[in-house]
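Secondary and tertiary structure notes
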Amino acid sequence: MSSSLVSIVTPCYNGEKYLSRFLESILNQTYSEIELILINDGSNDETERIVQGYRQSFFAKGIRFLYEYQKNQGQAAALNRGLKLFTGEYITWLDSDDEIMPDFIKTKIDFLEKHSEYVYCYGKAIAVDEDKPDKIVDVFEKRKKNGRYAFFEDILMVKDVFFSGYLVKTAAFEKVILNREIYTGAGGQNAQILLPLGWYYGEPGYVDKSVYKYFVRTESHSHSQNSSEKIIQQLYNYEQILLHTLERISDKDVLKYNDIVKGYYAKLRFGNAIDTKKAELIKKHYLELKKTGTATKKDFALYIKYTNRVIRNILHIG
């Protein structure tokens, strides 16, 4: 068995409902050389008490454990702090409200040490209902396509990619995440790490037996049913994450994707603006779309159709 140290970096904010489940899944790993770094991002619930209650169990299992509390600065800032502290030959960053199966780490380590052509890998992800944990609502398995930049491009467009549960060789991680630091914008922490990995190293390896379980909750920030206006804001946030990350990739060939990203997310925002039926919002996002040079005749027809409809309703015409 490999003796390489695997570092797990986990930000946590107000995780009292789910934290024990996550920590138990770390204790249950069949791989023993683990370093867990948990950054409490200003929680005001029982997070610290729960975490400290596991300290002795981690010690008994031989798991290196580092816990830090910081004032609330957001998930990206908490992740950055953890990235500065890890010491393992491999790194993974996990959400504190999810769970990993017992062979999650071992199977990935075995894969990367047998397949030197890969510097990072992912595995199967299972989505379950928080209220009915035995009910599987979705499964993410091996990606359907390969190609030098397929993974990179699919992250940009959020297509056929599951964003959690990757294991990366630290040497490769440090080459693409300079100073072990990501942009501290809202959302998109996984994309900031995976994008440069995809650009420089291509497709990640796939490990079928390494299973990540995430829980779908109605109040979850990531999985809630959002209004169109909230989705528009999330699209803005994610676009900014992508543009900042592209800027940090030190390769001039990546610059061509800036306009692609701007056009793609302007199109998505316009579609959500149409759903609101609000004339001013539709106009705003059509003009933004037009500015990117990607507006089509169909987009213009939708713009006219829905803004005119609003005007007719206001004037009681038709």
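Residues numbered from 1 in each chain as written. Predicted model: local features only at pLDDT ≥ 70, side-chain atom pairs only at ≥ 80, totals over all residues. Heavy atoms only, no water.

Moving on: the overall build of the chain. Helix and strand content of the chain: 12 helices and nine strands. Taking 20 Å as the expected radius of gyration for a compact globule of 318 residues, we find that the chain reaches 22 Å, a close match to that expectation. Its C-alpha atoms give the chain principal-axis dimensions of roughly 75 × 45 × 35 Å. For the chain, with 318 residues in total, the buried portion stands at 49%. A separation of at least 24 residues holds for 77% of the contacts in the chain among residues at least 6 apart in sequence. As presented, the chain carries roughly 16,100 Å² of accessible surface, and 50% of it is formed by carbon and sulfur atoms. A distance of 7 Å separates the average location of the 45 positive side-chain charges in the chain from that of its 42 negative side-chain charges. (Helix = DSSP H or I, 4+ residues; strand = E, 2+ residues; numbered from the N terminus. Rg over C-alpha atoms; globule rule 2.2 N^0.38 Å. Buried < 20%, exposed > 50% of the residue type's maximum accessible area, 1.4 Å probe, protein only. Contact = heavy atoms within 4.5 Å. Areas by Shrake-Rupley, 256 points an atom, 1.4 Å probe, with all protein chains shown as cover. Lys, Arg positive; Asp, Glu negative; His and termini not counted. Charge placed at Lys NZ, Arg CZ, Asp CG, Glu CD.)

Turning next to the pattern of salt bridges. Under the criterion given, the structure shown has 16 salt bridges. For Arg143, the salt bridge identified is with Asp160, shortest N-O distance 4.0 Å. With a gap of 17 residues between them, Arg143 in the loop between strand E7 (136–140) and helix H6 (150–157) and Asp160 in the loop between H6 and strand E8 (167–169) connect regions that are remote in the sequence. On the basis of relative accessible area, Arg143 is assigned to the buried category, the value being 7%. Under the relative-accessibility criterion, Asp160 is labelled partly exposed at 33%. (Salt bridge = Lys/Arg side-chain N within 4 Å of Asp/Glu carboxyl O.)

Of all hydrophobic cores here, the largest spans 44 residues; its most connected members are Phe152, Ile155 and Leu156. When residues of this core are assigned to their parent elements, the largest contribution, six residues, is made by helix H8 (residues 189–201). In contact with Ile155, other than residues within four places in its own chain, are Val161, Phe163, Ala191, Leu194, Leu195 and Tyr238. Counting residues in each nonpolar core, the second largest holds 35 residues, with Phe22, Leu23, Leu27 and Tyr90 among its members. (Core = buried A, V, L, I, M, F, W, Y, C linked by side-chain atoms within 4.5 Å.)

To continue, consider the packing of helix H9 (residues 228–248) against helix H10 (residues 257–276). Two elements in contact, H9 and H10, have axes whose closest approach is 9 Å; the angle formed by their N-to-C orientations is 175°. Compared by their axis directions, H9 and H10 come out roughly antiparallel. Within the contact between the two elements, H9 uses Ser228, Glu229, Ile231, Ile232, Leu235, Tyr236, Tyr238, Glu239, Leu242, Leu243 and Leu246 and H10 uses Tyr257, Asn258, Val261, Lys262, Tyr265, Leu268, Arg269, Asn272, Ala273, Asp275 and Thr276. Taken together, the residues of the contact of H9 with H10 break down into 13 nonpolar, four polar and five charged. (Axes fitted to C-alpha atoms, helices over the stretch in contact; angles between N-to-C directions. Parallel < 35°, antiparallel > 145°, perpendicular 65-115°, else oblique. Nonpolar A, V, L, I, M, F, W, Y, C, P; charged D, E, K, R; others polar.)

Attention shifts here to the confidence of the model for the chain. The share of residues in the chain with pLDDT of 70 or more is 94%, and the mean pLDDT across the chain is 92. With pLDDT under 50 throughout, residues 220–225 is counted as low confidence; its partners more than four residues away or in other chains account for six contacts. (pLDDT = per-residue confidence, 0-100.)

Turning next to the layout of surface pockets. Gaps between atoms show up when a probe of the same size as a water molecule is rolled over them. In this structure, the second largest pocket spans a volume of roughly 230 Å³. As for the second largest pocket, its lining consists of 15 residues, and the residues nearest its centre are Val176, Ile177, Leu178, Arg248 and Ile249. If you tally residues by element for the lining of the second largest pocket, the top one is H8, at three residues. Tallied by class, residues from the lining of the second largest pocket come to eight nonpolar, four polar and three charged. (1 Å grid on protein atoms, 1.4 Å probe; cavity = no way out; pocket = protein on both sides within 12 Å on 5 of 7 lines; lining within 4 Å. Points joined across faces, edges and corners; volume = space filled by probe spheres on them.)

Let's shift gears to the side chain of Thr107. Along the chain, the position of Thr107 falls in helix H5 (residues 104–114). Of the residues examined, Thr107 reaches a relative accessible area of 17% and is grouped as buried. Polar contacts involving the side chain of Thr107 include one to the main-chain carbonyl oxygen of Asp103, which spans 2.6 Å. With near-sequence residues (within four places) excluded, Thr107 lies in contact with Val207, Lys209 and Ser210. (Polar contact = N/O pair within 3.5 Å; in protein donor to acceptor, adjacent residues only side chain to side chain.)

Once that is clear, we can look at the pairing of strand E9 (residues 205–216). The buried fraction of E9 amounts to nine of the 12 residues, a majority that puts the element mostly inside the structure. Across two bridges, strand E5 (residues 99–100) lies against E9 in antiparallel orientation. Paired with Glu99 across the bridge in E9 is Lys213. Relative to E9, strand E6 (residues 120–129) runs parallel, the two sharing nine bridges. For Ile126, the partnering residue across the bridge sits in E9 and is Lys213. (Pairing = 2+ DSSP bridges.)

Here a ring pair, both rings aromatic, is described through the centre-centre distance and the interplanar angle of the planes. Following the criterion strictly, the structure yields 23 aromatic pairs and no others. Note on Phe86 and Phe173: the rings are 5.8 Å apart at their centroids and 80° apart in plane angle, and the pair reads as edge-to-face. One end of the pair, Phe86, is in the loop between helix H4 (75–85) and strand E4 (90–93); the other, Phe173, is in helix H7 (residues 170–176), and 87 residues separate them in sequence. Accessibility expressed as a relative area gives 2% for Phe86, which makes it buried. Taking relative accessible area as the criterion, Phe173 reaches 0% and is therefore assigned buried. Ring plane angle 40° and centroid distance 6.3 Å describe the contact between Phe140 and Tyr214, whose orientation is recorded as tilted. Placement of Phe140 in strand E7 and of Tyr214 in strand E9 is noted, with a sequence separation of 74 residues between them. Exposure remark for Phe140: the relative accessible area of 26% places this residue in the partly exposed category. Taking relative accessible area as the criterion, Tyr214 reaches 8% and is therefore assigned buried. Through a chain of ring-to-ring contacts, three or more aromatic side chains come together here, namely Phe104, Phe140, Phe162, Tyr212 and Tyr214. (Phe/Tyr/Trp six-rings, centres within 6.5 Å; stacked < 30°, edge-to-face > 60°.)

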